[in-house]
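Fold and geometry: a report
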Amino acid sequence: MEKITLDTIVSLCKRRGFVFQSSEIYGGLASAWDYGPLGVELKNNIQRFWWNEMVRSRRNIVGLDAAILMHPRVWEASGHVENFHDPLVDCKQCKSRFRADQIDLTAACPVCGTKDSFTEPRQFNLMFKTHLGPVEDESNIVYLRPETAQGIYVNYKNCVQTSRVKVPFGIAQVGKAFRNEIVTKNFIFRTCEFEQMEMQFFVKPSEDKKWFDYWKETRMEYYKKLGIRPDKLRFHPHGPDELAHYAKEAVDIEYEFPMGWRELEGIHNRTDFDLSRHSEYSGKDLTYLDDQTKERFVPYIIETSAGLTRSVLMVLSDAYEEETLENGETRTVLRFHPLIAPVTVGVFPLVKKDGLSEYAMELEEELREHFSTFYDESGAIGRRYRRQDEIGTPYCITVDYDTKENDTVTLRYRDSMEQVRIHKNEIVDTIKQAIKDYKRVGV
Ligand code: ATP
């Protein structure tokens, strides 16, 4: 298959209702995107998959949903007010703006081609500011959170006291974050409003390396479980000059997007930086008492921070395939893992007459209890299969004249296009088993 471009993904997303430009009828808002009927299902399914892996299937990780608005001192303690800057340069000729660390400052402007046209790099704070209450002055500034992590740190004591978790333990959260990003091209890869899936793991300081290595491997395994091609995933360890101000060790998990290798998730050893700073700024004791050893310490934090909206782009890019069939036709297929496909089962009557529609509709209603379903009776059956392939529906059921005689239906598999005849009563178990056994073809 030829290499796919980001434009191919963008156009599929619009055509099939995964992602739309924000405020499109007004000409759109730069770098903001809306998730359509299929996109919101896909995003929710990825979020649920992450939550199951990180929270529901583990005894020592609890969930949290903190508010977006927080006390402004939080962002002083975290270092964001002081450090959360990108160095920027402008092209004096065409006025385009770039991150100074992402372009070659000695080369010509990538937009207009003018040489020696860049301004000196300037600092720019990425946090969105607003005011709480009716008066707009310095005393009531609040920020839209630029990461979900701080909501976890300031609630760490609450979680310890109420849920009886003991070090080592984690707190997980999924939610919106906001950054006034300057370079926001590449569709939903980098946006000003996005969603993160973060888990902060609190450990004994002497065990930081062990847990850092554990989460590094575990998070890579997660992507493979999600059905992502292993050859498109890699680690990018941070060298000393790449480390953030709070980090002792850091590694990114990168994915090969259509525009190249880019960060998907960051895993950081944040040491006791955050809790110590919050303790200092709030005046509250944030130490942890180990009731076995009677040791008191400030836990170290191992962070796993993934983008949810960025994962949507990753999953779409990874799933997209154009396949040439034996008859020469091209089939577009999204090979989503069945657990995250927006629709799990499509149900069709072969034709709209002789009671087949009624039978298929009733069947589709029964299946709703178990799966996300979609009923479709318009157009030739082959076209209906293609439409489902294009949105990644892994299983389709067709009701025909034989169904009326003996209650058997055709089950068609998306990946192999194989069709089997089964009894109506076997549909649920057969599909559940197929989901359990799912393995992506060619991977
Ligand atoms: P970058 O260097 O690309 O700006 P970062 O290293 O600042 O990213 P983190 O602060 O570690 O990113 O954020 C954790 C994760 O949140 C990233 O791996 C990414 O998946 C996601 N993320 C960060 N910024 C954005 C954004 N502007 N739009 C979409 N997702 C983002």
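Residues numbered from 1 in each chain as written. Predicted model: local features only at pLDDT ≥ 70, side-chain atom pairs only at ≥ 80, totals over all residues. Heavy atoms only, no water.

A word on the packing of helix α1 (residues 6–16) against helix α9 (residues 308–319)
Viewed as axis vectors pointing N to C, α1 and α9 meet at an angle of 105°, and their least axial separation amounts to 10 Å. It follows that α1 is roughly perpendicular to α9 by the angle criterion. Across the interface between the two elements, L6, I9 and C13 from α1 touch L313, L316 and S317 from α9. When the residues that make up the contact of α1 with α9 are grouped by side-chain class, the tally is 5 nonpolar, 1 polar and no charged. (Axes fitted to C-alpha atoms, helices over the stretch in contact; angles between N-to-C directions. Helix = DSSP H or I, 4+ residues; strand = E, 2+ residues; numbered from the N terminus. Parallel < 35°, antiparallel > 145°, perpendicular 65-115°, else oblique. Contact = heavy atoms within 4.5 Å. Nonpolar A, V, L, I, M, F, W, Y, C, P; charged D, E, K, R; others polar.)

Quick word on the environment of Y246
Relative to the helices and strands, Y246 is located in the loop between β11 (233–237) and β12 (249–257). Judged by its relative accessible area of 14%, Y246 is buried. Put simply, Y246 and D272 are 26 residues apart on the chain and 8.8 Å apart in space, counted from C-alpha to C-alpha. If we skip the residues at most four places from it in the chain, Y246 touches H268, N269, R270, T271, F273 and E303. (Buried < 20%, exposed > 50% of the residue type's maximum accessible area, 1.4 Å probe, protein only.)

Brief notes about the sheet that holds strand β22 (residues 408–413)
Backbone-to-backbone hydrogen bonds join strands into a sheet, with any given pair of strands oriented parallel or antiparallel. Read across the sheet, 5 strands follow the order β20-β19-β21-β22-β23 without closing on themselves; strand pairing throughout is mixed. For this open sheet the edge positions go to β20 (373–375) and β23 (419–423), each flanked by a neighbour on one side alone. Between one strand and the next, the sheet's axes are offset by a mean angle of 25°, whatever the strand orientation. In terms of strand pairing, strand β19 (residues 345–349) meets strand β21 (residues 395–399) through 5 bridges, oriented parallel. (Pairing = 2+ DSSP bridges.)

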